[in-house]
Amino acid sequence: MSLFSTTYDVIVVGGGHAGSEAAAAAANMGAHTLLITMNLQNIAQMSCNPAMGGIAKGQIVREIDALGGYSGIVTDKTAIQFKMLNKSKGPAMWSPRAQSDRMQFAECWRTMLEQTENLDFYQDSVNGLLFDNHKIIGVKTALGLEIKAKTVVITAGTFLNGLIHIGDKSFGGGRAGEGASTGITEDLVSKGFESGRMKTGTPPRVDGRSLDYSKMIEQPGDEITEKFSYLPTTKPLQNQRSCYLTYTNLDVHDLLRTGFDRSPMFNGRIKSTGPRYCPSIEDKIDRFATKDRHQIFVEPEGWTTCEMYVNGFSTSLPEDIQDKAIRSIAGFENVKFFRYGYAIEYDYFPPTQLTHSLETKLIENLFFAGQINGTTGYEEAAAQGLMAGVNAALKVQEKAPFILKRNEAYIGVLVDDLITKGTEEPYRMFTSRAEYRTLLRQDNADLRLTPIGFKLGLASKERLDRVIEKQEKADLLISFLQKTSVKQEEINPILEAKNLALINQSMKLYKIAARPQLEFSDFKNVKKLATFLEENNIDKEVIEQAVIHLKYSGYIEKEKNNADKLNRLENVMIPSKFDYQKVKSLSFEAREKLSKIQPTSISQASRISGVSPSDISVLLVYMGR
């Protein structure tokens, strides 16, 4: 079939993390999909740090995997180090993170996409959009092609009118060595869209052979490694590469300050907002002037390369200042640069212009995902890409949109935050953003989401069967612990070794195992339990589910009840294009915000900043509740 005569079900513009997940999702749901990207060699490129996961981000990667996306599988196949963060806290806070081999990561993504049925590729730059009144019908490329489509997903990353800054130099680009994308913003603004500018930055990459690691603190991975994907086809790491920790100092800070007058961030050349939670080094020493040092993590870019990523030293200062300052960091005295750090400004579109399906309100069949929506991070982008790809395919199939609630997934929190509250700075996910984080743990993403992914046609039958088996075995283990009594002589030596109160009669194993000071491994020599685990082939994942139920069931039930109460408000729907101006008892701010965002339910309306509980009461009365 020729590009000139084909009308695709879905065109995905941009091949980053959002675009890759969007293309895979739409194609796997049976939609004839075209992925257009400026350079096919850079599909799913890790433009910034060579890592996936982290606090709350790790939960998102596991959710993508549970639904049938690719990010978790690719991360497992290309990981060089694995860590479970926050292990000293409760399980709601545990967050997996992996360092990846940057080159293998992109190669693995491309291989998986090329093996995906219904997915075509085309290398070109999209510089225009084709409309039929308030519907999108295709795209225009730099080479002059007009390619027709029923739906379009834009995942342009930092490329929309991208402008790179290093010191007093500025030039167009989407990232180092690649040109910017022009035309899309202008077409969207002409249709009434509001656009803005955001900024992000990246640190220098250096030659690892020129560093002195003896002056740094080694940061190895976990002794017992885990993985992201729930599929058995990926395996936990056996060998790992270490990262290294060092610190800036007052000399470094003083040297950096000598370049502030040439810094685009301080001399006014950069006017856009950067990420609050990943500031540049110059921003850190300006905002936290009383701190005499900041952490610098030295992260390998792969198994075999000597290239190192200097995490914590993001900067757009002039090259000579970067060079002088970094040499005053312990271990960097003789450093050789592969490339200098830089900042990049790019266009984004405030996400309040979207519905929960990530379809734009102004133009039908047009979806946005990733940094175009004001987010930062591979994981947030990939999650949006998956949702936009799924919903584009569903739109073509004339099916209802796929929307995750806030109590169902971090992905649900992410999308709802974006479209309900909007963002004026690059949005990053944290566990604190999720009011139901005890329900949204990294360990149970498969139990929460794989049945949904299977219904959509994304998650395989193999995935669903594994989830059903995991739940059944966890229930079986909990039931065994509740029914099985153990004698004092079996348990008291365990309690005595931990300085805990002894028992003076037989007791159910469930009650003893629920004690917060005890680990499940403490009971490995209790004969009845050891026999049961062996006979029923109970693995680590099942034990983890049962133990979390043992120790946290009260909290989990309370959170479920709270979610149920709020979800009742989700069922109180607000008519589309409702005229809030006629409800005079609403506050002026509420009328303004509600008119702009047009929430679909009372629950969504309650989450809009500036809408008070009394405004919600007024709406409930008005809706007949």
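Our structure's up above, just so we're on the same page.
One structure accompanies this document, and this report is about it.

Basis of the calculations
- Residues numbered from 1 in each chain as written.
- Predicted model: local features only at pLDDT ≥ 70, side-chain atom pairs only at ≥ 80, totals over all residues.
- Heavy atoms only, no water.
- Helix = DSSP H or I, 4+ residues; strand = E, 2+ residues; numbered from the N terminus.
- Rg over C-alpha atoms; globule rule 2.2 N^0.38 Å.
- Buried < 20%, exposed > 50% of the residue type's maximum accessible area, 1.4 Å probe, protein only.
- Contact = heavy atoms within 4.5 Å.
- Areas by Shrake-Rupley, 256 points an atom, 1.4 Å probe, with all protein chains shown as cover.
- Lys, Arg positive; Asp, Glu negative; His and termini not counted.
- Charge placed at Lys NZ, Arg CZ, Asp CG, Glu CD.
- Pairing = 2+ DSSP bridges.
- Axes fitted to C-alpha atoms, helices over the stretch in contact; angles between N-to-C directions.
- Core = buried A, V, L, I, M, F, W, Y, C linked by side-chain atoms within 4.5 Å.
- Expected span 1.5 Å × (residues − 1).
- Arc of directions from axis to C-beta.
- Polar contact = N/O pair within 3.5 Å; in protein donor to acceptor, adjacent residues only side chain to side chain.
- Salt bridge = Lys/Arg side-chain N within 4 Å of Asp/Glu carboxyl O.

With that settled, consider the overall build of the protein. The helix and strand inventory of the protein stands at 19 helices and 22 strands. For 625 residues, the compact-globule formula gives about 25 Å, and the C-alpha radius of gyration of the protein, at 26 Å, lands near that figure. Taking the principal axes of the C-alpha coordinates as reference, the protein spans close to 80 × 70 × 55 Å. Put simply, the protein has 625 residues, and 58% of those count as buried. Residue pairs at least 24 apart in sequence account for 73% of intrachain contacts in the protein once pairs closer than 6 positions are excluded. Summed over its atoms, the accessible surface of the protein is roughly 26300 Å², and 50% of this surface lies on carbon and sulfur atoms. Counting 77 positive and 76 negative side-chain charges, the protein places the centres of these two groups 4 Å from one another.

Successive residues of a regular strand alternate their side chains across the two faces of the sheet. Sheet topology places strand E10 (residues 163-166) next to strand E19 (residues 342-348); three bridges connect them, and they run antiparallel. Bridge assignment links His165 to a residue of E19, and that residue is Ala343. By the bridge criterion, four bridges tie E10 to strand E11 (residues 169-172) in an arrangement that is antiparallel. In the sheet register, Ile164 faces E11, and the bridge partner there is Phe171. Between E10 and the antiparallel strand that follows it, E11, lie two residues; Gly167 among them carries a positive phi value of about 60°.

Within strand E4 (residues 79-85), five of the seven residues are buried, which leaves it mostly tucked inside the rest of the structure. Two strands pair when backbone bridges link them, and E4 and strand E5 (residues 95-100) are joined in this way by six bridges, in the antiparallel orientation. Note on E5: the bridge partner recorded for Lys83 is Arg97.

The strand order across the open sheet formed by six strands is E14-E15-E16-E17-E13-E18, and the pairing between neighbours is antiparallel. Only two strands of the sheet have a single partner each, and these edge strands are strand E14 (217-219) and strand E18 (337-339). Averaged over all adjacent pairs, the angle separating strand axes in this sheet is 35°, with direction ignored. Judged from the three bridges that link them, strand E13 (residues 205-207) and strand E17 (residues 307-311) form a sheet pairing that is antiparallel. Each residue of the ladder has a partner; that of Arg205, found in E17, is Tyr309.

Ranked by size, the top nonpolar core spans 106 residues in total, and within it Ile11, Ile147 and Ile154 carry the most contacts. In terms of nonpolar packing, the next biggest core, distinct from the first, is built from 28 residues, Leu509, Phe523, Phe532 and Ile538 among them.

Phi is positive for Asn161, which is not a glycine, with a value near 50°. Relative to the elements of secondary structure, Asn161 occurs in the loop between strand E9 (146-154) and E10. In this structure, Asn365 is a non-glycine residue whose phi angle is positive, near 70°. Locating Asn365 in the fold gives a position in the loop between E19 and strand E20 (366-368).

The end-to-end C-alpha distance of helix H11 (residues 445-456), which contains twelve residues, comes to 16 Å, matching closely the 16 Å that a straight helix rising 1.5 Å per residue would cover. For H11, the full list of buried residues reads Ala445, Asp446, Arg448, Leu449, Thr450, Gly453 and Leu456. An end-on view of H11 places all buried positions within 165° of arc, on one side of the element. Those residues of H11 that are buried lie in contact with helix H2 (57-67), helix H9 (378-396), helix H12 (461-483) and helix H16 (540-570).

By the element assignment, Arg205 lies in strand E13. With near-sequence residues (within four places) excluded, Arg205 lies in contact with Ser47, Cys48, Arg102, Glu301, Glu307, Met308, Tyr309, Phe337, Phe338 and Arg339. Of note is the side chain of Arg205, whose polar atom sits 2.7 Å from the side chain of Thr202.

A complete count under the given rule lists 35 salt bridges for this structure. Across the pair Asp65 and Arg463 runs a salt bridge, and its minimum N-O distance is 3.0 Å. Highlighted residues: Asp65 in helix H2 and Arg463 in helix H12, separated in sequence by 398 residues. For Arg463, a relative accessible area of 7% puts it in the buried group. A salt bridge links Arg102 to Glu301; the shortest N-O distance between them is 2.3 Å. Residue Arg102 is found in helix H4 (residues 102-114), and its partner Glu301 is found in the loop between strand E16 (295-300) and E17; the two are separated by 199 residues along the sequence. For Arg102, a relative accessible area of 9% gives the class buried. Residues joined in a network through salt bridges with shared partners are Arg406, Asp416, Asp417, Lys421, Glu435, Glu570 and Arg607.

This part takes up helix H10 (residues 410-421). Taking 1.5 Å per residue, twelve residues should reach 16 Å; H10 reaches 16 Å between its end C-alpha atoms and fits that length. Of all twelve residues that make up H10, eleven are buried, and the element is covered over most of its length. Listed as buried for H10 are Tyr410, Ile411, Gly412, Val413, Leu414, Val415, Asp416, Asp417, Leu418, Ile419 and Thr420. Here the buried face of H10 lies against H2, H9, helix H17 (588-597) and helix H18 (602-606).

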